[in-house]
Number of protein chains: 2
Amino acid sequence: MSFVHPDREQIDLSAVLHALSDPQRRLIVSELAQSDVPRPCGSFAPTISKSTRTHHFRVLREAGLVEQWKEGTSKMSRLRRDDIDARFPGLLDSVLGTVVAGAG
Amino acid sequence: MSFVHPDREQIDLSAVLHALSDPQRRLIVSELAQSDVPRPCGSFAPTISKSTRTHHFRVLREAGLVEQWKEGTSKMSRLRRDDIDARFPGLLDSVLGTVVAGAG
DNA sequence: TGCATGATACGACGATCATCGAACTTTGTG
DNA sequence: CACAAAGTTCGATGATCGTCGTATCATGCA
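Just so we're clear, the structure is a prediction, and the values are computed from it rather than from any experiment.

To continue, consider the overall build of chain A. A count of helices and strands for chain A gives six helices and three strands. Start at the N end of chain A and walk to the C end: the helices and strands fall as α-α-β-α-β-β-α-α-α. Relative to the globule expectation of 13 Å for 104 residues, the C-alpha radius of gyration of chain A, 13 Å, shows essentially globular dimensions. In terms of overall dimensions, chain A has C-alpha extents of about 35 × 35 × 25 Å along its principal axes.

All names here are of chain B. One pass over the full model with this rule turns up twelve salt bridges over all chains. Arginine 8 is paired through a salt bridge with aspartate 83; the nearest N and O atoms lie 2.7 Å apart. Placement of the pair is arginine 8 in the segment before helix H1 (13-20) and aspartate 83 in helix H4 (residues 81-87), with a sequence separation of 75 residues. Here arginine 8 falls in the partly exposed class, since its relative accessible area comes to 33%. The residue glutamate 67 makes a salt bridge to arginine 78 at a minimum N-O spacing of 2.8 Å. Linking glutamate 67 in strand E2 (residues 66-71) with arginine 78 in strand E3 (residues 74-79), this pair joins segments that are eleven residues apart in sequence.

Another aspect to go through is helix H1 (residues 13-20) of chain A. With respect to burial, H1 of chain A is a largely interior element, six of its eight residues being buried. Those residues of H1 of chain A that sit buried are Leu13, Ser14, Val16, Leu17, Ala19 and Leu20 of chain A.

With that settled, the discussion passes to unusual backbone geometry. Residues and elements named next belong to chain A. For alanine 45, which is not a glycine, the phi torsion comes out positive at approximately 40°. Take alanine 45: it is sitting in the loop between strand E1 (39-40) and helix H3 (50-63). By relative accessible area, which is 6% here, alanine 45 ends up buried.

Conventions we followed
Residues numbered from 1 in each chain as written. Chains lettered and ligands numbered in written order. Predicted model: local features only at pLDDT ≥ 70, side-chain atom pairs only at ≥ 80, totals over all residues. Heavy atoms only, no water. Helix = DSSP H or I, 4+ residues; strand = E, 2+ residues; numbered from the N terminus. Rg over C-alpha atoms; globule rule 2.2 N^0.38 Å. Salt bridge = Lys/Arg side-chain N within 4 Å of Asp/Glu carboxyl O. Buried < 20%, exposed > 50% of the residue type's maximum accessible area, 1.4 Å probe, protein only.

Here you go:
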């Protein structure tokens, strides 16, 4: 993989908060958090277009929230929960705990 | 006061995260959290212009993070910590705990 | 080799954002 | 009244954002 993946210490709070401020991205993160099985990008947020989904995943990856790697023709994603929890303790839990409530 | 102040139940997670994604606004929130004494807007973020400061406070207020009221010629601000904590438990603590660390 | 699949790259569009200066309003004080 | 202090309002500017369609690339399969 040769994508942008910031180290744990490089993860920037502004970038993380901005990434999580979008409901679509928060939905993706929420789905990633609910199962430890990596899934291809295409299986998330089916209502938006492919290019928009690529964009959202790049924002999440460059913010350090998600790790991505290729498997065949698919690109798998994994939530970097350990890194985020270590860097900003409690942040992910509080955001994920209210993904639905906060959307309305 | 006749400003926009969302009720606790109306506070939107996207708006809160977006408001907190700006370093200047996070700095204001952090200073507000460090002392319970309400302070006038002008005593925050002295490096930015007055109009920009007005803008930032409006974003914070409309997101539900801050309550504002007039006192003489000044406009006082208070962090709505109780409301934010009730709506998104742990969020403010995790963000404020890393205001400085997250900026670098 | 050809084809299908999954994802990216490349503009493009309208919207929003952070920032500013200048003009204005509001309030208090002499 | 005049003046000062504290904020707001009003454009304006350059940047970024979310979204899209189309074209392109990479991989796997027959």
